[in-house]
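Structural overview
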Amino acid sequence: MRAETQANIEKIRNSLELLGQRMDIETAQHRLEEFNARVEDPNLWNDQAGAQKLMRDRQMLVDKMGIYDQIKSGLDDNVELIELGEMEGDEEVVAEAEQALADLVEVAAAKELEALLDGEADGNDTFLEINAGAGGTEACDWAQMLARMFTRWAEKKGYEVELQSQEAGTEAGIKSVSYKISGPNAYGWLKSESGVHRLVRISPFGKGTRETSFASVWVYPVVDDNIEIEVNPADIRIDTYRSSGAGGQHVNTTDSAVRITHAPTGIVVTSSEKSQHQNRDIAMKALKSRLYQLELEKRTASIRESHEAKGDAGWGNQIRSYVLQPYQMVKDLRTGFETSDTQGVLDGDLDGLMASVLAQNVSGKSRADARSEA
């Protein structure tokens, strides 16, 4: 069997492993039997909402099981055809089966990606915040580079990017910026980017020395209208201030910017793009989204706490390194996934990095090595 075909078989098996883990394949049939028994209950539709949820959950499980079985059958059947073709010297059969496996790799990868993005809030729009960390002007410039990277990525996805607030750096770049990014699975993709991002490069500010800069990224889902998040008015402080952005059509120079501080959690949200009334509404929605993110983390027993999740934007807390000197490399420190295409990454080619983190969250281990070997 050719090395390329063996590699395709391994890729498909890796996808099947993730799909099986995502739906808990060992208990799937038992859960389907339970669903079927409940569907036959004559009193089911006495609770319309409950019945509709049950039917949706059952159909989702049926679809996942069908996809898994289809990919597994395609793999088994074509491997068997290749073995038979090689035994009988039938090159045409072997070639057809090898092409079928190559096609199946693409199908399995697409289904694997769908499985990575089926969390409770993954389909939601998202807020994305970037804050310059240790490194002074260098860090502010790095924060602006990250803002460009993420907006480029979002544009390639066809997402809508709306600037919420921005604070310019003293000499260059930005101290902080906040966006609302809207599109299918926007939060599901971007949630992997929360953390400290580290840049190593030759300083562009006349120093000629190699500098290390840090910036923190924070991502949280936009709360759906049907999710109730109550905020006690006594727990928040609302301040208005003059926007200090870099200028241009997106920056409001009146005292209409709004900052809301949530005392119990220490969460601070801002909006400086519209009228004071609109900014209050935007900031309150952002606060509710942050509180919802806290609840999601509690449900998954996350060790992170809301305002502490980012950590200090400096040494020891980074999730990813972007090295431009003395060599070219971007490496995710959580998964080991790396690429030498630094310019591509900075231009928004982030799917590989994101997918490696999403896969790790499902399997509990890094699959970067397995993918590179495949």
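A brief report on the enclosed structure follows. (Residues numbered from 1 in each chain as written. Predicted model: local features only at pLDDT ≥ 70, side-chain atom pairs only at ≥ 80, totals over all residues. Heavy atoms only, no water.)

Sheet analysis places strand E9 (residues 318–323) next to strand E10 (residues 329–332), joined by 4 bridges and oriented antiparallel. Directly across from Arg320, in E10, lies its bridge partner Asp332. Where E9 hands over to E10, the hairpin turn is made up of 5 residues, counted between the paired strands. Bridge count for E10 against strand E11 (residues 338–339) is 2 bridges, and the pairing is antiparallel. Pairing of Lys331 across the sheet is with Glu338, part of E11. (Pairing = 2+ DSSP bridges. Helix = DSSP H or I, 4+ residues; strand = E, 2+ residues; numbered from the N terminus.)

Reading across the sheet, the 8 strands line up as E2-E3-E1-E5-E4-E9-E10-E11 and stay open at both edges, with mixed pairing between neighbours. Both edges of this open sheet fall to strand E2 (160–168) and E11, since each of them pairs with a single strand only. Relative to strand E3 (residues 174–182), strand E1 (residues 126–132) runs antiparallel, the two sharing 6 bridges. What sits directly across from Phe127, in E3, is Lys180. Sitting on the sheet, helix H5 (residues 136–156) touches E1, E2, E3, strand E4 (195–202), strand E5 (210–221) and E9, and the angle it makes with E5 is about 45°. (Contact = heavy atoms within 4.5 Å. Axes fitted to C-alpha atoms, helices over the stretch in contact; angles between N-to-C directions.)

Positionally, Ser178 belongs in strand E3. Looking at Ser178, the relative accessible area reads 8%, which means it is buried. When neighbours within four sequence positions are excluded, Ser178 is seen to be in contact with Leu128, Glu129, Glu162, Leu163, Gln164 and Ser165. (Buried < 20%, exposed > 50% of the residue type's maximum accessible area, 1.4 Å probe, protein only.)

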